[in-house]
Each structure stands twice: as C-alpha cells, then as structure tokens.
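# Breakdown of the fold
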Amino acid sequence: MKSNRNRNLHQPPQNTPNNLPYTQRRLKTKPTLLLLLILLIGNLFWLVLWLLPSDDTTSPASQDGSEEIAAVDGEPITSQQWLSAMENRYGKETLQGLVNEAVMEKAAKKYKIDVKDEEIDLEIALLRSAQDSNDTTLHSLSPEQLRQKVRAQLILDKVLTNDVVVEEEEAKKYYDENKSLYNIPTTYRTSMIIVNSKEDVERVEKELKSGSDFTVLAREHSVDAASASLGGDIGFITSSQTTLDPAVLQEVEQLKEKETSKPFVLSDGRYAIAMVTEKMEGQSFSFDQVTGHVKRQLALEQLPPSITPETFWKEFNATWIYGESKK
C-alpha cells in the first residue's frame, strides 16, 4: 500500500533582495518595500506548502513504507511496521471472512437459494434476545456487517439442509415446546460509563451536559475495560438476562432512544451512566412466521457440526495468499 502522506520538498524562490539585478536595487523606497512584502508572502506560501501533506505517492519513503507515523522516545514507528502488524494480527481472519461471504454468494446462485430480508431480521432478533452480556460479538459489528454475516450463515444453512426433509408435524411440535424462544422481549442497545466514585460520575455527568461525546468519555473514564474499548457499548440487553445487574435494566427501561440516564449506583457499589442507542420493541412470532427457521434448525441437528463455509472453497475455486484453498 502506498502512502499519500509524504511531503514535497519545495525550494524557496532564489530571487531574493540580495541577488536582484542592479536596476531593481535602484528602485525607490516604497516600490522596494512593496517588492519585499511580495517576496515575503511568496516565501511564506512555499513554506506552508512544504509543511502540508501532499498527494505525491512516488517518493522512496512512500514506496518502501519507511515513512514515520509515530515515535516513542525518539524511536520511529513506520507505516510498514504498522501495516505489517495489522496484517499479522487481523489479516488472515478478515480475509477468510471475506472469502467465505463471497463463496456463499456463489453457492446461493448455483443452488438458487434466496434469502429474504424478513429472514435476516428474524435471525438478528433471535440473536439479540439470546445474547450474553459478556459476548461482544454482535455489538462489535456495524449493522451492515451483522446483516452480511447473518446472510452468509443463512445461505450456508440452506445449502446444507437443501435435501433434508423435515415433516410439518415435527416442526410444529418443536415450536410448541420452545415457544418462549419466539416471544422476544423489548431489547435495548445500551452504552455505559462505569466509574468507581460519586465524584467521578458527577464529573462525567458535567462533561456530558457540556456537550462532550458519550463514546469518547467512555473510552477515557470507564473502568470497565471491555465496554470502554467499544465506546461504552454493552450490546442489546433484555429483562431475560440473568447476568445483568438489575439496576442497569431499571434505568434503561425508562429511557428513550438516544437518551442518557442520570448517575446511578450498581449492585457492587460503583457508579454508572447509561445511554440507549437503539430500542427494538418486543414481538412474538407465530409458527407460520418461523416455519422455515424451525425446519432448518431440525435439519441442521441431523448434520455433522464440523461443516463450515470453508468446506465449499474447493468447489468454487477459492484461493488466498496463505496457501492452497481450504479443504
């Protein structure tokens, strides 16, 4: 990757008062002062251009990734080090996800599989209602990323269960025995700032009232490391979550979307401020609405759990930089 942050080294004009032609030196005082002013402005202009980043990506520094993007005690960290670290830590997993999604889209076309928006909505609603408060998988994804991952999973499930027959009576029995799964309570996507003392929470409240951003304050002040790294986001919470501090739900249920609570005390004695970023009203799904989902779940139970999207890489000639296509 080439960087666009390299600077053009512009030389200031050489036509300074010290080397002007003889005829210019004999100008009267006012024209001379005017000329000096023009030259000074010109030099300042070139200096500003030299300091500003340019779009030049052809310099050696941009090509070999040696541009300094940070430093610690004088020791530089280069763009190449930064990109290499990101590739090593996240590159393989990210690329695998992209390939899996592309493979599933190919499979959907080949096997004439359709995934409706209503099916994605149902799966997301079920995931949110069953989410553990300690699981950051869902709320670490953007809405678009979540829908894309759910879509890919639905395609995989439909491909795997395409030839598995589940009788209507069996599906209805499963629904009746697990009806509570399809009665989804109201869910609140919640962000929190948790601090240790009353003084700390009052300071945070004052900053919020003065217009400071909630996510920024959560990263700066919250003592809960997991949510602080996500700007305070703790995901979707419901009254059915047994691991949730009752004080949190009590406050959240009184809030509207985008509304922030007053400071309150948690059961462990710490203080918190909560904000509801999204609210989804509870809903109940009839058997007719979830028949496809129920039949897929029953069909999947008949298959080995080891089947993943990577199973189809060879069929669709998927390759990547980490070696041969996965088997």
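Shown above is the structure to which this text applies.
A short tour of the structure in this document, coming up.

What counts as what
Residues numbered from 1 in each chain as written. Predicted model: local features only at pLDDT ≥ 70, side-chain atom pairs only at ≥ 80, totals over all residues. Heavy atoms only, no water. Helix = DSSP H or I, 4+ residues; strand = E, 2+ residues; numbered from the N terminus. Buried < 20%, exposed > 50% of the residue type's maximum accessible area, 1.4 Å probe, protein only. Contact = heavy atoms within 4.5 Å. Phe/Tyr/Trp six-rings, centres within 6.5 Å; stacked < 30°, edge-to-face > 60°. Lys NZ or Arg CZ within 6 Å of the ring centre and 35° of its normal. Core = buried A, V, L, I, M, F, W, Y, C linked by side-chain atoms within 4.5 Å.

The next point concerns the overall build of the chain. Looking only at helices and strands, the chain has twelve helices and eight strands in total. Per-residue burial for the chain yields a buried fraction of 34% across its 327 residues. Sequence-distant contacts, at least 24 apart, represent 70% of the contacts inside the chain between residues at least 6 apart.

One non-glycine residue, Asp-73, lies in the positive phi region at around 55 degrees. Here Asp-73 falls in the exposed class, since its relative accessible area comes to 81%. Backbone geometry at Lys-258 places phi at a positive 70 degrees, although glycine is not the residue there. Positionally, Lys-258 belongs in the loop between α11 (246-252) and β6 (264-265).

Taken as a whole and assessed by the stated rule, the structure comprises four aromatic pairs. Ring geometry for Trp-313 versus Trp-320: centroids 5.1 Å apart, planes at 85 degrees, classification edge-to-face. Judged by its relative accessible area of 0%, Trp-313 is buried. Under the relative-accessibility criterion, Trp-320 is labelled buried at 11%. Both rings, one in Trp-320 and one in Tyr-322, keep their centres 5.0 Å apart while their planes meet at 70 degrees; by these two values the pair is edge-to-face. For Tyr-322, a relative accessible area of 31% gives the class partly exposed. By the ring-pair criterion, three or more aromatic residues cluster together here, those being Tyr-175, Tyr-182 and Phe-287. In this structure, Lys-92 packs its charged tip against the face of Tyr-322, placed 5.6 Å from the ring centre. The ring of Phe-287 has Lys-172 lying over it, and the distance from NZ or CZ to the ring centre is 5.9 Å.

Moving on to the nonpolar core. In this structure, Val-103, Met-104 and Phe-312 are the most contacted members of the largest nonpolar core, which totals 23 residues. Secondary structure elements with two or more residues in this core: α4 (79-110), α5 (117-130) and α6 (143-160). With eight residues, the single largest contributor to this core is α6. Discounting chain neighbours no more than four positions away, the residues touching Met-104 are Ala-152, Ile-155, Leu-156, Pro-309 and Phe-312. Residues Ile-234, Leu-249, Leu-266 and Ala-272 belong to the second largest nonpolar core, which totals 16 residues.

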